[in-house]
Each structure stands twice: as structure tokens, then as C-alpha cells.
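# Overview (structure and organization)
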Amino acid sequence: DPQQLELATSSKRKLRRFIVMDAVVDELYGPKVRRYFEANNVQYKILALPTTEETKSMDLVLSILQEVQAFGIDRRTEPIIAIGGGVCLDIVGLAASLYRRRTPYIRVPTTLLSYVDASVGAKNGVNFLQCKNKLGGYTPPVASFLDRSFIQSIPRRHISNGLGEILKMALMKHKGLFDLLKSHGKYLLDTKFQSYSDSTGRGDAALQTTRIAIETMLEELAPNLWEDDLDRLVDFGHLISPELEMRVLPALMHGEAVTIDMAFMTYVAYARGLLSCGEKEQIIQCMRALELPVWHGACSWRLIQRALLERLKHGGGRPRMPLPTGLGVAEIFNDTSEETLQEAYQLWVGD
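These numbers were taken from a predicted model, which means no experiment stands behind them.

### Some thoughts on the state of the cysteines
Overall, the coordinates contain zero disulfides when judged by the stated rule. Left unpaired, C286 is separated from the closest cysteine sulfur, that of C277, by 16 Å. Left unpaired, C299 is separated from the closest cysteine sulfur, that of C131, by 17 Å.

### Side note on the domain arrangement of the protein
In terms of domains, the protein is made up of domain 1 (14-152) and domain 2 (156-223 + 231-350). In this assembly, 20 residues from domain 1 lie in contact with 29 residues from domain 2. When residues of domain 1 are sorted by the area they lose upon contact with domain 2, L112, L113 and R148 head the list and together hold 32% of the total. Summed over the shared surface of domain 1 and domain 2, the number is two salt bridges. Residue E245 is joined to K132 by a salt bridge in which the shortest nitrogen-to-oxygen separation is 3.3 Å. On the surface where domain 1 and domain 2 come into contact, there are five residue pairs in polar contact (both at pLDDT 80 or more). Those elements that place two or more of their residues in the side of domain 1 that touches domain 2 are α5 (112-118), β5 (123-128) and β6 (131-138). Counting residues per element, the side of domain 1 that touches domain 2 draws most heavily on α5, which supplies five residues. A breakdown of the residues in the side of domain 1 that touches domain 2 according to their chemical character gives eight nonpolar, five polar and seven charged.

### A short note on helix α9 (residues 241-248)
Every buried residue belonging to α9 is among S241, L244, E245, M246 and V248, and all of these are buried. Looking at the buried residues of α9, the elements they touch are β5, β6, α10 (254-271) and α12 (301-314).

### Things to note about the sheet that holds strand β3 (residues 80-84)
A sheet is described by the order of its strands in space; here five strands give the open sequence β2-β1-β3-β4-β7, paired in parallel fashion. Each of the sheet's edge strands pairs with one partner strand only, and the pair in question is β2 (43-49) and β7 (143-144). Two strands pair when backbone bridges link them, and strand β1 (residues 16-22) and β2 are joined in this way by seven bridges, in the parallel orientation. Bridge pairing in β2 links F18 to K45. Its contacts with the sheet put helix α2 (residues 23-39) on β1, β2 and β3, and the angle it makes with β1 is roughly 160 degrees. Contacts from helix α4 (residues 86-98) reach β1, β3 and β4 (105-109) within the one sheet, and its direction differs from that of β3 by about 165 degrees.

### Observations regarding the packing of helix α6 (residues 156-173) against helix α7 (residues 175-191)
Running from amino to carboxyl end, α6 crosses α7 at an angle of 170 degrees, the nearest separation of the two axes being 9 Å. Between α6 and α7, the angle falls in the class roughly antiparallel. Of the residues in α7, those in contact with R156, I159, S160, L163, I166, L167, M169, A170, L171 and K173 of α6 are K175, L177, F178, L181, L188, L189 and D190. Its residues assigned to classes, the contact of α6 with α7 comprises twelve nonpolar, one polar and four charged.

Definitions and limits used
- Residues numbered from 1 in each chain as written.
- Predicted model: local features only at pLDDT ≥ 70, side-chain atom pairs only at ≥ 80, totals over all residues.
- Heavy atoms only, no water.
- Disulfide = S-S within 2.5 Å.
- Domains from an automatic or database assignment.
- Contact = heavy atoms within 4.5 Å.
- Buried area = accessible area lost by both parts, 1.4 Å probe.
- Salt bridge = Lys/Arg side-chain N within 4 Å of Asp/Glu carboxyl O.
- Polar contact = N/O pair within 3.5 Å; in protein donor to acceptor, adjacent residues only side chain to side chain.
- Helix = DSSP H or I, 4+ residues; strand = E, 2+ residues; numbered from the N terminus.
- Nonpolar A, V, L, I, M, F, W, Y, C, P; charged D, E, K, R; others polar.
- Buried < 20%, exposed > 50% of the residue type's maximum accessible area, 1.4 Å probe, protein only.
- Pairing = 2+ DSSP bridges.
- Axes fitted to C-alpha atoms, helices over the stretch in contact; angles between N-to-C directions.
- Parallel < 35°, antiparallel > 145°, perpendicular 65-115°, else oblique.

This is the structure in C-alpha cells:
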């Protein structure tokens, strides 16, 4: 077709974008996004999909790729754009990494959790055989566009959910961030991480909190982007939570499951003598103040044993257990005994 040939070889080709947007986000922001592309004379296709842990599968990846193929994109100059929560960003990242072996993509997180977690780093993936993120790869986006105004439309529980991952970084690496969460946690929940000029005396707690969380995450991920070193502080809260989260879907959100894991590991650190009773209580009280769960009935001793066994399999025969050794400091341990774990579990359940 001479017309297609001319388009392909000329620089007059119209700017084109393929966008995958979470269906809920599309309802809220779809019209505004469409107006933006139309005002800028961009030819676009928006694919609105339900992106949840239950739909996070290779089937959804393949359905996205069929639409990408039908739309037709230049694999080097026309990035795929993902607008949504962490599940959406993970799925689109995997789809982009598979299409023509590597197509650039852009992450636009719309939840607090994805803003401070999924938007950072190179990982993408989908669930497989009831296992969380069992299939995936390491393909970083060409950019992550961070806009906290998206967060104002998400429910309060989703704000707490994101605060779980922020608390993880605070406990592992930054006491100042922990102090911010203790003093401004309720304010951040109430204001949904928006910045207000009248927040006198608080500074900009939302900006400070998210910036420190992302910077500490980058400090950990950047030198070890492809996880060649399996000793990772960012795995705190991620030893038992994958098993728990998949077991009780959709009862627990990701950040909630991570917090339950962190709560148990806080008791493990206390049982090992790494934390004082006062430090343990400060951590648990902070979790409660952030409206996060600190225990779940499905987190049985058997589930913990099974999850830690999986950890051994994928950790090169070592548990590689990140534990707080104070507030904002941590180390990785490979020598926690079964007796200590059981003692911590009994204390945790008792409390």
C-alpha cells in the first residue's frame, strides 16, 4: 500500500500511543486522558481492563498483546503507557517486555502502594498456579510519572495499604521516616497524601514521606536491580505474606498482608533479643495507628512453616530473613531457630 509505505518512511507520521488503564481508573480519569490526547493531536487506543490479583495472569498479558498488535506500534519510539495500581503496572510491564522482546513502557501509578512500590525498580510479573508473581522478568520502564493527585480518589483502606510498604522502608532503613509516620500517620490518612498550603507546622508531610520512601527503596534496588544478590532488606514483610495473600484472596490487600508478616517478624526480632519490648510495642502501635492489621487467623503456624520452606527453596538454601535490630536499622539473618520462631508465634498470637 503506497500510503502505508509513505507513512512508515516519512517523519509526518502522527504521534501514536497505546494505553492500558485499570477499569476503575478509566471511569474516574478516562475522559480527562482522552481529552489530553485529542488536544495534542495524538492517535491513541485506551484499553480499559479489570486489573486485580485475581485477574493478574498470562491470559490478560496475551489479551493486551493482541490489542497492541492490532493497533500497531513502533517498538522503539512509541512506548506503551500503564495507568493504574501495582497489578496494572506489573501486567503491562511483562507484556511490554515480551512484545518484540522489549518494547518501552511508562508507569503512571494511581494508588499510594504503586506510587511508592511498583513504580520503583525493574520487576514485573503475573500470578501462576496460585503463586504470587511466579512468572515475570526484570524490564525497567523508560519513565515513571508520579502524580499524587490520583491518590485523592482512592478509598481510605487503600491509603493504609500503601502505608504498609512505606512503613517497611522506615523500619529497615530510616528512623526519621518512622517518626514521620508516628507523628503524621492519621493526618496523611485524613488528607489522602495531598499537599495543602495551610498545613502549618506539619511541613509537607505527604511530600516528605513519599520522597523518603522512594529514595530509600531506590538505594536498596538500584545496586541490585536484577536481584543477583538475594540478601535484600526490601524483602522484609515478604517472607510469609505471598502465601497468606494468595490463600485468603481477596480478603487481604498486598500492603495489609505485608504488615501482618512484618508484625510477626517484629516478634521474631523481639524473641531473638534484637528489639526491646518498648521498640516492639512502638512498631505494633504504629501499625494500628496507620489502620493496618497486625494479625490474621489464616496465618497459622503451618502456613508460616510452608512459607519459610518456600523461602529456603528460592533463597539458595538460606532463609535470608531481614529483621529490625532497632527502629530504622536492620540486618539479614540466616540462623533463626525453629524454637525462636515458635516462641515468637506464641507471643504474637497471645497478644
